[in-house]
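# Descriptive analysis of the structure
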Amino acid sequence: LYERFYRILEYCNNNFDKKITITQLAESEHINRNYFSQFISKTVFQSFSSMIKYIRCYEAEQLLLNTDMPISEISYACGFSDSKYLYSAFKIWWGVTPSEHRAQYAEQLLKDEKFFISDDLEAQEFLRRYITEWHLEKTSVL
């Protein structure tokens, strides 16, 4: 079950900017749609749509904090059909709007001289893997 969940999560992480459906993923795992929904409901996400929104919000956060892209462009780049969906999903998962989140961390970056953002691709890949594994551990109640 863990391996199945990891495959699903990995697929969603790699394709967050595209349309992803329950039917599509259930077929790729050779299970029916209802079983797939029940399977995801046993995780911390509790639903497929909640899982997709979280993954997209996570990716949006990376763009919010590491680029100057407008939030409307970020929402489309992360697979949201409209920026209002990013705002509502982001508020659910992070407790603030994307604008508030960006502003909050912009202030923190200016104050804290010890904190920096690395452009080193190797460091970014290490962090991505670490965070993905951490999320897998926290969300895997299978």
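Residues numbered from 1 in each chain as written. Predicted model: local features only at pLDDT ≥ 70, side-chain atom pairs only at ≥ 80, totals over all residues. Heavy atoms only, no water.

## Some details on the packing of aromatic side chains
Throughout the structure, instances matching the rule amount to 3 aromatic pairs. Ring centres of Tyr-54 and Trp-94 lie 5.7 Å apart, and the angle between their planes is 15 degrees; on these two criteria the pair is classed as stacked. In this pair, Tyr-54 is assigned in helix H4 (residues 48-66) and Trp-94 in helix H6 (residues 83-94), connecting sequence segments 40 residues apart. Look at Trp-94 and you get partly exposed, because its relative accessible area is 22%. Judged by centre distance (4.9 Å) and plane angle (15 degrees), the ring pair of Phe-90 and Trp-94 falls under stacked. Note that Phe-90 and Trp-94 are positioned in helix H6 at a spacing of 4 residues, about one turn of the helix. Overall, the relative accessible area of 0% leaves Phe-90 in the buried class. (Phe/Tyr/Trp six-rings, centres within 6.5 Å; stacked < 30°, edge-to-face > 60°. Helix = DSSP H or I, 4+ residues; strand = E, 2+ residues; numbered from the N terminus. Buried < 20%, exposed > 50% of the residue type's maximum accessible area, 1.4 Å probe, protein only.)

## Considerations on the layout of surface pockets
Looking at the second largest pocket, its volume works out to about 360 Å³. Those elements giving two or more residues to the lining of the second largest pocket turn out to be helix H1 (2-14), H4 and helix H8 (121-139). The element contributing the most residues to the lining of the second largest pocket is H8, with 8 residues. The class makeup of the residues in the lining of the second largest pocket is 8 nonpolar, 4 polar and 6 charged. (1 Å grid on protein atoms, 1.4 Å probe; cavity = no way out; pocket = protein on both sides within 12 Å on 5 of 7 lines; lining within 4 Å. Points joined across faces, edges and corners; volume = space filled by probe spheres on them. Nonpolar A, V, L, I, M, F, W, Y, C, P; charged D, E, K, R; others polar.)

## Some thoughts on the nonpolar core
Counting 30 residues, the largest nonpolar core has Phe-5, Ile-8, Cys-12, Phe-36, Phe-48, Met-51 and Leu-86 as its most contacted members. Going through the elements one at a time, H1, helix H2 (22-28), helix H3 (33-41), H4, helix H5 (71-77) and H6 are the ones with two or more residues in this core. No other element matches H4, which puts 8 residues into this core. (Core = buried A, V, L, I, M, F, W, Y, C linked by side-chain atoms within 4.5 Å.)

## Side note on the packing of H1 against H4
At their nearest, the axes of H1 and H4 sit 10 Å apart, and the two run at 50 degrees to each other. Judged by the angle between their axes, H1 and H4 are oblique. The handedness of the crossing between H1 and H4 is right-handed. Contacts from Phe-5, Ile-8, Leu-9, Cys-12 and Asn-13 in H1 reach Met-51, Ile-52 and Ile-55 in H4. Of the residues assigned to the contact of H1 with H4, the class counts are 7 nonpolar, 1 polar and no charged. (Axes fitted to C-alpha atoms, helices over the stretch in contact; angles between N-to-C directions. Parallel < 35°, antiparallel > 145°, perpendicular 65-115°, else oblique. Left-handed = near helix turned anticlockwise from the far one by under 90°. Contact = heavy atoms within 4.5 Å.)

## Examining the environment of Ile-20
You can see Ile-20 is positioned in the loop between H1 and H2. The buried category is assigned to Ile-20, whose relative accessible area is 9%. Along the backbone, Ile-20 and Gly-79 are 59 residues apart, and their C-alpha atoms lie at a distance of 9.5 Å. Ignoring anything within four residues of it in the chain, the contact list for Ile-20 reads Tyr-11, Cys-12, Asn-15, Leu-25, Phe-48, Ile-52 and Arg-56.

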